[in-house]
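Observations on the three-dimensional arrangement
So the chains spell out like this:
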Amino acid sequence: SSLSEREILLSEIHHRVKNNLAVVTALMELQAFYIADKKIIEILKESQSRIKSIALLHEKLYENKSLKEVDVLSYTTELIHFIKQSFGDKEKSIQIHTNIDKITLEMSRAMPFGLLLNELITNSYKYAFQLNQKGNIWINVAEKNQNYELEYKDDGPGFEFNEEAKTTSLGLNLIESFCIQLNGTFEYQQSDEYLVFKFKFPSLNTI
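Predicted, not measured: the structure shown is a model, and the values here were computed from it. The numbers attached to residues start from 1 for each chain and follow its sequence in the written order. Under the rules for a predicted model, residues below a pLDDT of 70 receive no local features and side-chain atom pairs below 80 are neither given nor counted, while totals for whole chains, interfaces and linings still include all residues. Think of the side-chain values as coming from all heavy atoms in the structure, minus any hydrogens and water.

To describe a pair of aromatic rings, one takes the distance between the centres and the angle between the planes. The criterion for an aromatic pair is that two Phe, Tyr or Trp rings (for Trp, the six-membered ring) have centres within 6.5 Å, with stacked assigned to planes under 30 degrees apart, edge-to-face to planes over 60 apart and tilted to the rest. For the coordinates displayed, the defined rule picks out 7 aromatic pairs. Here Y148 and F201 contribute two aromatic rings whose centre-to-centre distance is 5.6 Å and whose plane-to-plane angle is 65°, an arrangement assigned as edge-to-face. Note that Y148 is positioned in strand 5 (residues 147-154) and F201 in strand 7 (residues 195-202), a separation of 53 residues in sequence. Residue Y148 shares its accessibility class with F201, and that shared class is buried. Where F186 meets F197, the ring centres are 6.2 Å apart and the plane angle is 45°; that geometry is what we call tilted. Taken together, the residues F186 in strand 6 (residues 185-190) and F197 in strand 7 connect sequence positions 11 residues apart. Looking at F186, the relative accessible area reads 22%, which means it is partly exposed. Through a chain of ring-to-ring contacts, the aromatic side chains of F186, Y188, F197 and F199 assemble into a single cluster. Residue placement shows K153 over the ring face of W138; its charged tip is 5.0 Å from the ring centre. Note on geometry: a ring has a charge over it if NZ (lysine) or CZ (arginine) is within 6 Å of the ring centre and within 35 degrees of the ring normal. Here K153 stacks its cationic end above the ring of Y194, 4.5 Å away from the centre of that ring. Elements are defined by DSSP. Helices are runs of H or I of four residues or more, strands are runs of E of two residues or more, and each kind is numbered from the N terminus. Between buried and exposed lies partly exposed: a residue is buried under 20% and exposed over 50% of the maximum accessible area for its type, with that area taken using a 1.4 Å probe on protein chains only.

Now for the pairing of strand 6. Only strands joined by at least two bridges in the DSSP assignment are considered to pair. Relative to strand 7, strand 6 runs antiparallel, the two being bridged by 6 bridges. Of the residues in strand 7, the one forming a bridge with E187 is K198. Adjacent in sequence and paired antiparallel, strand 6 and strand 7 are bridged by 4 residues.

Where nonpolar side chains cluster on the molecular surface, the patch consists of V23, L27, L30, F33 and Y34 and spans about 620 Å² of accessible area. Relative to the helices and strands, F33 resides in the loop between helix 1 (2-32) and helix 2 (38-63). Surface patches are drawn from residues lacking salt bridges whose relative accessible area is over 30%; two like charges belong together within 9 Å, two nonpolar side chains (Val, Leu, Ile, Met, Phe, Trp, Tyr) within 5 Å. Every accessible area reported is derived by Shrake-Rupley at a probe size of 1.4 Å, with residue values counting cover from the shown protein chains alone. We count a salt bridge whenever a side-chain nitrogen from Lys or Arg sits within 4 Å of a carboxyl oxygen from Asp or Glu.

Turning to the pairing of strand 4 (residues 134-144), a few remarks are in order. The pairing of strand 2 (residues 93-100) with strand 4 spans 8 bridges and is classified as parallel. Looking across to strand 4, one finds that T98 is bridged to I139. In this sheet, strand 5 lies alongside strand 4 in antiparallel orientation, the contact comprising 8 bridges. Residue pairing for strand 5: I137 is matched across the bridge by D154.

To continue, consider unusual backbone geometry. Even without being glycine, Q146 reaches a positive phi, approximately 65°. A positive phi angle is found at N183, which is not glycine, with a value near 55°.

Taken in spatial order, the 5 strands make up an open sheet running 2-4-5-7-6, and their pairing is mixed. On the outer flanks of this sheet lie strand 2 and strand 6, each paired with one strand and no other. Taken over all neighbouring pairs, the strand axes of this sheet differ in orientation by 10° on average, direction set aside. Here strand 5 runs beside strand 7; their pairing, made up of 8 bridges, is antiparallel. Within the sheet, the bridge partner assigned to D154 lies in strand 7 and is L195. Only heavy atoms enter the contact rule, under which two residues are in contact if any of them lie within 4.5 Å. In this analysis, axes come from line fits to C-alpha atoms, helices being fitted only over the stretch in contact, and the angle between any two N-to-C directions falls in the range 0 to 180 degrees. The strands touched by helix 3 (residues 72-87) within the sheet are strand 2 and strand 4, with strand 2 carrying the most contacts at an inclination of about 170°.

Right, here's the structure in full:
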């Protein structure tokens, strides 16, 4: 009985945190109506997306009976849906293809993973398809040799991922930071056709 009561309480906490974060994003949305500067509006929208990615994690936790782990496929699907609504252009056709193994992550790792994924997808929507009416994003997540491997690819124009680029981009710094939080490593590859990020982090929780 005591254990059941604790589970109900924990579920309620996650539910309330999710609702409180929804209030924060709504307030930011209202604030945007009173701002004329497009750059500031864009910054608010990016911050909303980051907050929403955290709120989704709490939603997934209280939906999960164990209240401990987040299903990566379900979470990624809903995050993609939100970003499409927030950053998508109705005049453009951006297809997102996913191939995700049945993987669950504890909150300590689901948080940086979700924020990392958010930065990657929003970065593509902001920069990769500005001059193109069509585009593709591929997200692959697999478990291999006691590691989780995330491969993220789009067919928009790439960019130089270097220290100079990071001085002007919060998103690039966050991508690196969240990878470090996962005790992971990553590679960046650019060709004439694709931009590719490859991340690898331990499948066992070391955080």
